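Each chain, written out:
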There are 2 protein chains.
Amino acid sequence: MSDGVDIDFGEDGLVPAVAQDADSGEVLMLAYVDAEALDATLESGLAHYHSRSRDELWQKGGSSGHVQRVEEVRVDCDADALLYLVDQEGGACHTGYESCFHRTVDGEVVGEEAFDPDEVYND
Amino acid sequence: MSDGVDIDFGEDGLVPAVAQDADSGEVLMLAYVDAEALDATLESGLAHYHSRSRDELWQKGGSSGHVQRVEEVRVDCDADALLYLVDQEGGACHTGYESCFHRTVDGEVVGEEAFDPDEVYND
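What you are looking at is a predicted structure, and each value in this text was computed from that prediction instead of being measured.

A.B. asks: Just checking my understanding: could you explain the relation of the copies chain B and chain A for this structure?
C.D. replies: After a rotation of 180° and a shift along the axis of 0.0 Å, chain B superposes on chain A with an RMSD of 0.0 Å. Both copies are brought into coincidence by an operation consistent with a two-fold rotation axis. Relative to the rotation axis, the closest C-alpha in chain B is found at Gly-25 of chain B, a distance of 2.7 Å.

A.B. asks: Looking at this structure, I do not really get the packing of aromatic side chains. What am I missing?
C.D. replies: All names here are of chain A. All told, the structure shown has four aromatic pairs over all chains when counted by the stated rule. Taking the centre distance of 5.2 Å and the plane angle of 40° together, the rings of Tyr-49 and Trp-58 count as tilted. Classification of Tyr-49 as buried rests on a relative accessible area of 0%. Assessed through its relative accessible area of 26%, Trp-58 is described here as partly exposed. Grouping aromatic residues by their ring pairs yields a cluster made of Tyr-49, Trp-58 and Tyr-84.

A.B. asks: Teacher, can you tell me more about the UniProt feature "binding site: Zn(2+)" (unreviewed entry) in chain A here?
C.D. replies: Residues given the UniProt feature "binding site: Zn(2+)" (unreviewed entry) here are Cys-77, Cys-93 and Cys-100 of chain A. A maximum C-alpha distance of 27.8 Å among these annotated residues, which run over 24 residues, shows that they spread across the structure rather than meeting at one spot. Within the secondary structure, Cys-77 of chain A is located in the loop between strand S5 (68-75) and strand S6 (82-88). Residue contacts for Cys-77 of chain A: discarding those within four places in its chain leaves Cys-93, His-94, Thr-95, Cys-100, His-102 and Arg-103 of chain B.

A.B. asks: Which parts of the structure should I look at to understand the pairing of strand S6 (residues 82-88) of chain B?
C.D. replies: Within a regular beta strand, the side chains point alternately toward one face of the sheet and then the other, so they alternate between its two faces. Residue and element names in this part refer to chain B. The element S6 is largely enclosed, with a buried count of six among its seven residues. Across five bridges, the pairing between strand S1 (residues 15-21) and S6 is parallel. Each bridged residue has a counterpart across the sheet, and for Ala-19 the counterpart in S6 is Tyr-84. Across seven bridges, strand S5 (residues 68-75) lies against S6 in antiparallel orientation.

A.B. asks: Explain the pattern of salt bridges here, please?
C.D. replies: Think of it this way: side chains of opposite charge can pair up when their charged atoms draw near. All names here are of chain A. Tallying each qualifying case throughout the model produces eight salt bridges over all chains. Among the ionic pairs, Glu-56 bridges to Arg-54, the shortest N-O distance being 3.0 Å. For Glu-56, a relative accessible area of 38% gives the class partly exposed. The exposure class of Arg-54 is partly exposed, given its relative accessible area of 47%. Here Arg-69 and Glu-89 are joined by a salt bridge, their closest N and O atoms 3.2 Å apart. Of this pair, Arg-69 sits in strand S5 while Glu-89 sits in the loop between S6 and strand S7 (103-104), and the two are 20 residues apart along the sequence. We classify Arg-69 as partly exposed; its relative accessible area is 39%. The exposure class of Glu-89 is partly exposed, given its relative accessible area of 36%.

Definitions and limits used
Residues numbered from 1 in each chain as written. Chains lettered and ligands numbered in written order. Predicted model: local features only at pLDDT ≥ 70, side-chain atom pairs only at ≥ 80, totals over all residues. Heavy atoms only, no water. Least-squares fit on C-alpha atoms with pLDDT ≥ 70 in both. Phe/Tyr/Trp six-rings, centres within 6.5 Å; stacked < 30°, edge-to-face > 60°. Buried < 20%, exposed > 50% of the residue type's maximum accessible area, 1.4 Å probe, protein only. UniProt positions renumbered as here; feature names shortened; annotations may be inferred. Helix = DSSP H or I, 4+ residues; strand = E, 2+ residues; numbered from the N terminus. Contact = heavy atoms within 4.5 Å. Pairing = 2+ DSSP bridges. Salt bridge = Lys/Arg side-chain N within 4 Å of Asp/Glu carboxyl O.

And the structure:
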């Protein structure tokens, strides 16, 4: 539990959380966090989110091994968004790229590939 | 209009957009964008968002002068989150800090102050 900032989880109980590589500064992904996922993150030091599609607690890298070791959790001025500063194992994106933000809005690929998804997700 | 990636604006017509300083890599803020705001951003080169509280198009820095010149707009793998790479005039946060993410979840201030809000927001 956090004794610090009172997070505004809103009507749906979720806030967006941005994961940023603590060393390179690259923005890796955006996912959603509820109180349970934040507590799990703070207690374990591994990034947890709440999967909206599966409606369950989700440890990033739980199946792929591409965990995020959380160095710091920041909160924005309105306390309704989080920033995870992480040490990313492998790559953040299930497509094999380091970052989920590997394309421009025009469709140009600008990101770096980190792994072969066929070798990681074998189910 | 974008000829590229088809953004999934979801049921409420909004996606979260992360603004990142293109030079320093600092994550500056998170706000929400609808199709109108994305078009305005791409057409003007200045970051626009949709204010959820005022339910209207919002040009960042329209009153403060702290505009964000957008160098690139990226989209994530699910096409339901955006990343604005920006050149931030002044500071992003209305509190005077460079970034809205200037506190840890424990309440420790870790960000840098960029301006005096009393001199910028004089209404």
